[in-house]
Amino acid sequence: MMVSKRFIFGLIILHLMMGRTGGNEICKASGSGRRWACPPPWIQWGGKCYRAVMEHLTWLQAKDECINFGSVLVVPQSQKETDFLIRLVPPWFWINCNDLEEEGTWKCWDGTDEVEFRNWATGEPNDKRGTEDCAQVLSGGKWNDNLCDKQLPAICKGETSLRDSCAY
Ligand SMILES: [Ca+2]
Ligand SMILES: [Ca+2]
């Protein structure tokens, strides 16, 4: 009985060591320009890296936080991407759309590229009390305009060449 327990323990340790090595190799690979992996805590989807920001931030803070990570605040560009994103940060999070420049003219940006995809919930954007100028995803993936000063989690999106977490 003792022997088999030791054997199992040994297997677990071996498995953990292999996992550790695997992680380092992913970092090495992305560092050497082989674009196929996202370093933790980034998660790869559709050739890009995504990272949940669980801290509740204002829309502008969320945008800045993503830039600090060398990435951009996400804007969903399809229902498929939405389905992926809502599993990362349930239930509400900021996206990179606003009508700050001109009321009622919504602009969504994937970095510097303008995005056409829209997924507003029924009756939104409603600019409630004339103060809602930033867009969030609601549970279920539909969009709502909300106060830019409201504090919500966010999701950042970056390139697979990201390697900021590999310095361990
Ligand atoms: Ca508005
Ligand atoms: Ca609204």
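Calculation criteria
Residues numbered from 1 in each chain as written. Chains lettered and ligands numbered in written order. Predicted model: local features only at pLDDT ≥ 70, side-chain atom pairs only at ≥ 80, totals over all residues. Pairing = 2+ DSSP bridges. Helix = DSSP H or I, 4+ residues; strand = E, 2+ residues; numbered from the N terminus. pLDDT = per-residue confidence, 0-100. Contact = placed C-beta atoms within 7 Å. Buried ≥ 20, exposed ≤ 12 C-beta atoms within 10 Å, placed from the backbone. Core = buried A, V, L, I, M, F, W, Y, C linked by C-beta atoms within 7 Å. Arc of directions from axis to C-beta.

Draft legend 1. The pairing of strand β5 (residues 107-110), seen in detail. Direction of pairing for strand β4 (residues 93-98) relative to β5: antiparallel, over a ladder of 2 bridges. What sits directly across from N98, in β5, is K107. Where β5 meets strand β6 (residues 113-114), 2 bridges bridge the pair, whose relative direction is antiparallel. Following the sheet pairing, D110 is matched in β6 by D113.

Draft legend 2. Inspection of the confidence of the model for the protein at higher detail. Across the protein, the average pLDDT comes to 85, with 74% of residues at or above 70. The low-confidence segment residues 17-35 (pLDDT under 50) makes 17 contacts with residues lying over four places distant or belonging to another chain. Between residues 164-168, whose pLDDT stays under 50, and residues either more than four places distant or in other chains, the model counts 8 contacts.

Draft legend 3. Seen up close, the pairing of strand β9 (residues 152-158). When you tally the buried positions in β9, you get 6 out of 7 residues, the bulk of the element. With 2 bridges joining them, strand β3 (residues 72-73) and β9 adopt antiparallel strand pairing. Among the inter-strand pairings, V72 is bridged to a residue of β9, identified as K157.

Draft legend 4. Quick look at unusual backbone geometry. Residue P91 is reached from P90 by a cis peptide bond, and omega for that bond is -5 degrees. The linkage connecting E124 with the following residue, P125, adopts the cis geometry, with an omega of -5 degrees. For P125, the location among the structural elements is in the loop between β6 and β7 (134-137). Of note in the backbone geometry, D127 takes a positive phi value of approximately 45 degrees without being a glycine. Residue D127 is classed as partly exposed on the basis of its 13 C-beta neighbours within 10 Å. For R129, which is not glycine, the phi torsion reads 55 degrees and is therefore positive. Looking at the element boundaries, R129 is found in the loop between β6 and β7. R129 sits in the exposed class, given 7 other C-beta atoms within 10 Å.

Draft legend 5. Here's a closer look at the environment of P41. Position of P41 relative to the elements: it lies in the loop between α1 (2-31) and β1 (43-45). With 10 residues separating them in the primary sequence, P41 and R51 have C-alpha atoms 6.5 Å apart.

Draft legend 6. Examining the nonpolar core more closely. Membership of the largest hydrophobic core comes to 27 residues, with the highest contact counts inside it found for L73, V74, W94, I95, A154 and I155. Of all the elements in the fold, those that place two or more residues in this core are β2 (48-57), α2 (59-68), α3 (79-88), β4, β7 and β9.

Draft legend 7. The arrangement of α2 in detail. Three or more residues of α2 are buried, namely W59, A62, K63 and C66. Buried residues of α2, viewed axially, fall in a sector of 100 degrees; they line one side. Those residues of α2 hidden inside the fold are in contact with β2, β3, β4, β7 and β9. Trailing α2 by a residue or two, G70 shows a phi angle of about 75 degrees, which is positive.

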